[in-house]
Every structure is written in structure tokens, then in C-alpha cells.
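Here are the chains, one letter per residue:
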Amino acid sequence: MSSADFPKMKNDLLLRAARGEKTEHAPVWVMRQAGRYLPEFREVRKSHEFFEVCRTPALAAEVTWQPIRRYAGLLDASIIFSDILVVPQAMGMEVLMNPGPSFPDPLNTPADIEKLRKVVDVNKELGYVFDAITLTRKGLEGACPLIGFCGAPWTLFAYMVEGGGSKTLQKAKTWIFQYPEESKALIMRIADVCVDFLVGQVKAGAQLLQVFDSWAGELAPHDFDEFSFPSLQHIASKTRKRLSEADIPLVPITLFAKGANYALIKLSEETEYDVLGLDWCIDPVEARRLVGPNKALQGNMDPNVLYGGRDAIERTVKKMCEAFRVGGGGWIANLGHGITPAVDPEDLRWFLECVHKYSAQ
Ligand code: 1CP
């Protein structure tokens, strides 16, 4: 697919900010913007299992459009409805969602790696995501760009070994300390599937890509350097190379490495990401000082401020806008992690309105 196959873009704020350009106001979107805080999403989920929604392009498109329709004119990006765990599924693992993710047969020891598919054909295993992206972008009618995504290899590895979410990542840590070479090899194998998956998403119509390293902050800085960073670096450089070899226009790539503020200088200097996502544990002025002028930033309000009422939301957004303005450079407004299920959708609307108001240049 090329841009000629899709409706003309009416709003490219996200893409401009990702390239470091100044924008009339900061483009804004919200991680997990299609999700359980929306009654219309819960309605769809009453009659469809989570992965059924992911695997059915018409349903995935519908829930991706839901926040765009509800907050018409206020959201500057959509993100395809899917999950980071579709990659372990594509590699041959079973994943259930009840209500959190669980793997009936996780990787207990390196011998279990044998159970994974040797070769992963992303068109065959994840073609449903590509179809959902093409359908969703057409239906957006140019209202805003569509983001494609994947999980980072370290985070996916952690789920594949833990068999679900975990507070301590004890099993994943056991692997990296007890079987460091096998761990690194598996992490790079996951990275190659991620590259194929991201390239396929761009071919299908994704206009920006985001890599979610949700568990980056669980690693000591030197362990991040060893077990996550090389795969993150590989994904950005290889995805760009593959797109340019195929004569497909490059799209910006965002890395959200939650909790890895200790690595911002290295991520800025030694990777080819265009945008670095920030959680709320770093001041935007400090983040800009560490990152320098060459990358856009994304973030970073604590999602729990959305439970603090209108005054708290307005005060915090105003402060965030001032801090990103002082720091300078491209900025995409967002929360510092995903929106949580109990948020009142009208409080999110207020957040979006405040970003428009206080980030206007
Ligand atoms: O019942 C439901 O509907 C399940 C809730 C839900 C939703 C709405 C899950 C289960 N995944 C999603 C969608 C989803 N997941 C998106 C869609 C696009 C959007 O943002 O609107 C995206 C980008 C993700 C990414 C994702 N899934 C991440 C990375 C981002 C992050 O939050 O750190 C992670 C870690 C997952 C795993 C996952 N999937 C679902 C849950 C509840 C979890 C986290 C579980 C845990 O705590 O380990």
C-alpha cells in the first residue's frame, strides 16, 4: 500500500512533531486510548473475546476508531487495536487473556526454546494485523495518522518466561543470570520477528511505529545494556534499512522504554529512534537536557492524575506544557503510561482540551 491508496491526511501534527518540527499545538494521543475505560469498548468486549477482537479486522478497526469518534478533533493519532503478545503467539506460544495475559506453557528452561517456530512467516501468522491496519487507516479518512506497534524483545521475553505479568520478574531474571547466552540469543530472535512485523505494518499503512519496552525499568542499567539495548538498537536500524531497501518511505519510530530514564543519553546517542517516550518519573526539562536536540520526546503525565479531578488535571497539564516548552524540540503529548480502566472518559476529554489550550504556540 502507498499513501495514494489511502484518504488524504487532514492532520499531520503527529508526524511533524516526531520529526522535531514546531507545531501549532502539541499533538496528543493516549497510550491504551482504545480500552476498558470506554463504555463502547466494554460493549464490544461483552460479545467478543480479547484476541477475537485483535484477529477480526472489522472489530479491531471499530475499537480503534472509538476514541477518535468520541474525542473528534481532540486526538491527533490513533493506534491500531492489538496487543504486544501477538508476537509470542506468532512464534508458536499459546496466550490467553483472562483478564490479564497468561501462557499455559511458558518457557521454563532453554530446552523449551525448541518448541518455538524455527521460521516465523509474519504474513501468515500476523496478516490479520496488517489487514486491520489497512482497513482502519481507510476508515479514519485522514482524520489523524495511524500508529503501528510491537513489544520490545526484553519485555516479550519476560512474558514468555514468566507466563504472564509479574511484580518481580523472578523467572525472567533467573534466565538472564543463569542462562545469559541463551537469553540473549532468544531476545535477538524475537527482535528479528519484531522487525518483520513492523515492516509489514508500514506496508499495510502504519504511519508511525512504537516499540513498547514496558519492563525496561526492571533492569539494572548494565543489565539493560546487555539484555535489552542491543535488540532495541537492532529493531530501529534494521527496520529503517528494510524499508529503504524496499523503496518504502520511512516512518518515524518511537521507543517507549518505561523506567529506563537512566538510559536516555545512550538511547539518544546510539539508536535510530526518532522519538523517545517518557514516563512521569523524569522532569521534561531534564529529559531534554539528557537527550539533546535531535530527538522528539513523548509523554509524560502520570496517568493517575486523571483520578485527581479537573483542577489537578489542568494544573498538571499546564506545568507539563511549560516544561516541554522550556526544553524545546519536538513534543508529542501523552500520558507517562497507559490509561487505566476506571478513568471517567470526560476527565480524559478535559486532559485533551487542556493540552490543546496550554500547548498552543
Ligand atoms: O479485557 C481487555 O479488553 C484487556 C485489556 C487490554 C487492552 C485494551 C489488553 C490486555 N491489551 C489491550 C490493548 C493494547 N495493549 C493496546 C491497544 C492500543 C491502544 O493503546 O489503545 C496496546 C498498545 C497494548 C500494549 C501492551 N499490552 C503492553 C505495552 C504497553 C504497556 O501498557 O506497558 C503490554 C505490557 C501489554 C500486555 C497486556 N495486555 C493486556 C494487559 C492487561 C496487559 C498488561 C498485563 C500486565 O500487567 O502484565
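Residues numbered from 1 in each chain as written. Predicted model: local features only at pLDDT ≥ 70, side-chain atom pairs only at ≥ 80, totals over all residues.

Per an unreviewed UniProt entry, the chain goes by the name Uroporphyrinogen decarboxylase and belongs to Coprinellus micaceus. Comment text from UniProt for the chain, heading Sequence similarities (unreviewed entry), reads "Belongs to the uroporphyrinogen decarboxylase family." (UniProt positions renumbered as here; feature names shortened; annotations may be inferred.)

Engineer: Tell me about the confidence of the model for the chain, and please be specific about residues and values.
Structural biologist: Across the chain, pLDDT averages 97, with 100% of residues at or above 70. For this predicted complex, the interface confidence reaches an ipTM of 0.91, while the overall pTM sits at 0.97. (pLDDT = per-residue confidence, 0-100.)

Engineer: Please set out the nonpolar core residue by residue, giving values where relevant.
Structural biologist: Formed by 118 residues in total, the largest nonpolar core has its most connected members in V87, F157 and C194. Looking at which element gives the most residues to this core, the answer is helix α9 (residues 180–204), with 12 residues. Among residues more than four places away in sequence, those in contact with F157 are A172, S183, L186, I187 and I190. (Core = buried A, V, L, I, M, F, W, Y, C linked by C-beta atoms within 7 Å. Buried ≥ 20, exposed ≤ 12 C-beta atoms within 10 Å, placed from the backbone. Helix = DSSP H or I, 4+ residues; strand = E, 2+ residues; numbered from the N terminus. Contact = placed C-beta atoms within 7 Å.)

Engineer: Residues and numbers for helix α14 (residues 309–327), please.
Structural biologist: Spanning 19 residues, α14 covers 27 Å between terminal C-alpha atoms, matching the ideal 27 Å at 1.5 Å per step. For α14, the set of buried residues is I313, V317, M320, C321 and F324. All buried residues of α14 project into a common sector of 100° when viewed along the axis, lining one side. Exposed residues on α14 whose side chains face more than 90 degrees from its buried face are D311 and V326. (Expected span 1.5 Å × (residues − 1). Arc of directions from axis to C-beta.)

Engineer: Just give me the short version of unusual backbone geometry, but keep the residues and values in it.
Structural biologist: Cis geometry is found at the peptide bond from N98 to P99, where omega equals -20°. Tracing the chain through its elements places P99 in the loop between β2 (96–97) and β3 (101–102). Geometrically, the link from G299 to N300 is a cis peptide bond, its omega value of 0° lying close to zero. Take N300: it is sitting in strand β8 (residues 296–301). Within the chain, E141 stands out as a residue other than glycine whose phi angle is a positive 50°. By the element assignment, E141 lies in the loop between α6 (122–140) and β4 (146–151).

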